[in-house]
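# Remarks on the overall topology
Residues per chain are reported as follows:
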Amino acid sequence: MYENNILATILAGGKSSRFGSDKSMVILGNKTILEHTISKIEKKFSEILIVTNNKKLIIKNKKVRIINDCQPGQLGPLIGVLSAFKWVKKNKKKYNWIATFPCDTPFFDDIIFDHLEKKSKNKTTKLFFFKSGKKRHNIFGLWSVKLESNLEDDLKKNHRKVETWANKIGIEEININQKLEDSFLNINTKKDFEKAKKKLK
């Protein structure tokens, strides 16, 4: 469905400092948290890019490509996005957009995919973020590859915070009706992980 238009990109370069270990590799049910995310995305995309600082990460999936941040030091999600842009260019891919997904939010609603397909046909807006209730989810985004040079220049000026940079660029929010159970449960802490285990059941 998204062949040569949207590259699915999982941002997995965080420090997991609040969790205490690499949370993407923690087993939830019968799969790692990262594998839960991959299994949802691979239904819709022919290729998945994982941007990580874990140089030992191995995923046995023909759709998955694994790269490291283009700049060392775990400098935040924007570096991950820039790394994806550079990978597209280096490998002469035809993608016009990068859809970003966090590695630690495995329960997101599949309705996201319909919105991504629709917004990827937009000719004017270059950046979209999802929003549920009053909360904007800055890692669930759709980024035009045309943002690469702008992003790289701003990163050189030490613009690291996703929300601040996005507001500077200008974004369109995609509103999703919030369900009773939070489909955007972000597993940052051990307490969050316990909630995730209950939700999985």
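Below, the structure is looked at part by part. Note that the structure is predicted; figures quoted are calculated from it, not measured.

### Looking at the nonpolar core
The nonpolar side chains of a soluble globular protein tend to be buried with one another. Formed by 28 residues in total, the largest nonpolar core has its most connected members in Ile50, Phe101, Ile112 and Leu116. Where this core is concerned, the elements lending two or more residues are strand 1 (6-12), helix 1 (33-41), strand 4 (48-52), strand 6 (97-102), helix 3 (111-119), strand 7 (127-132), strand 8 (135-144) and strand 9 (172-176). Looking at this core, the element that brings in the most residues is strand 1, giving four residues. If sequence neighbours within four positions are ignored, Ile50 has contacts with Ile10, Ala12, Leu34, Ile38, Leu57, Ile59, Val64, Arg65, Ile66 and Ile67. One finds Val81, Val88, Tyr95 and Ile98 within the second-largest nonpolar core, a separate group that totals 24 residues.

### A short note on helix 1
Residues spaced three or four apart along an α-helix face the same direction, because each turn holds 3.6 residues. Counted residue by residue, helix 1 has eight buried out of nine residues, so it is predominantly covered. When helix 1 is considered as a whole, its buried residues turn out to be Ile33, Leu34, His36, Thr37, Ile38, Ser39, Lys40 and Ile41.

### Overview of the pattern of salt bridges
Across all of its chains, the model carries ten salt bridges by this definition. Close ionic contact of Glu172 with Lys119 constitutes a salt bridge, the shortest N to O distance being 2.6 Å. A residue pair is termed long-range when its members are at least 10 positions apart, and Glu172 in strand 9 and Lys119 in helix 3 qualify at 53 residues. On the accessibility criterion, Lys119 (18% relative accessible area) is buried. The salt bridge partner of Lys168 is Asp154, with a shortest N-O separation of 2.9 Å. Of this pair, Lys168 sits in helix 5 (residues 162-169) while Asp154 is found in helix 4 (residues 148-156), placing the two residues 14 residues apart along the sequence. Looking at Lys168, the relative accessible area reads 48%, which means it is partly exposed. Exposure remark for Asp154: the relative accessible area of 3% places this residue in the buried category. If you follow the salt bridges from partner to partner, you end up with Glu47, Arg65 and Lys93 in one network.

### Side note on the packing of helix 2 (residues 77-90) against helix 4
At a closest axis distance of 10 Å, the pairing of helix 2 and helix 4 adopts a crossing angle of 140°. Considering their axes alone, helix 2 and helix 4 lie oblique with respect to each other. Considering the relative orientation of helix 2 and helix 4, their crossing is left-handed. Across from Leu78, Ile79, Val81, Leu82, Phe85, Lys86 and Lys89 in helix 2, the residues of helix 4 making contact are Glu148, Leu151, Glu152 and Leu155. Class assignment for the residues of the contact of helix 2 with helix 4 results in seven nonpolar, no polar and four charged.

### Some points on unusual backbone geometry
Backbone geometry places Lys92, a non-glycine residue, at a positive phi of 55°. Position of Lys92 among the secondary structure elements: in the loop between helix 2 and strand 6. Within the chain, Asn158 stands out as a residue other than glycine whose phi angle is a positive 70°. Inspection of the secondary structure puts Asn158 in the loop between helix 4 and helix 5.

About the cut-offs
Residues numbered from 1 in each chain as written. Predicted model: local features only at pLDDT ≥ 70, side-chain atom pairs only at ≥ 80, totals over all residues. Heavy atoms only, no water. Core = buried A, V, L, I, M, F, W, Y, C linked by side-chain atoms within 4.5 Å. Buried < 20%, exposed > 50% of the residue type's maximum accessible area, 1.4 Å probe, protein only. Helix = DSSP H or I, 4+ residues; strand = E, 2+ residues; numbered from the N terminus. Contact = heavy atoms within 4.5 Å. Salt bridge = Lys/Arg side-chain N within 4 Å of Asp/Glu carboxyl O. Axes fitted to C-alpha atoms, helices over the stretch in contact; angles between N-to-C directions. Parallel < 35°, antiparallel > 145°, perpendicular 65-115°, else oblique. Left-handed = near helix turned anticlockwise from the far one by under 90°. Nonpolar A, V, L, I, M, F, W, Y, C, P; charged D, E, K, R; others polar.

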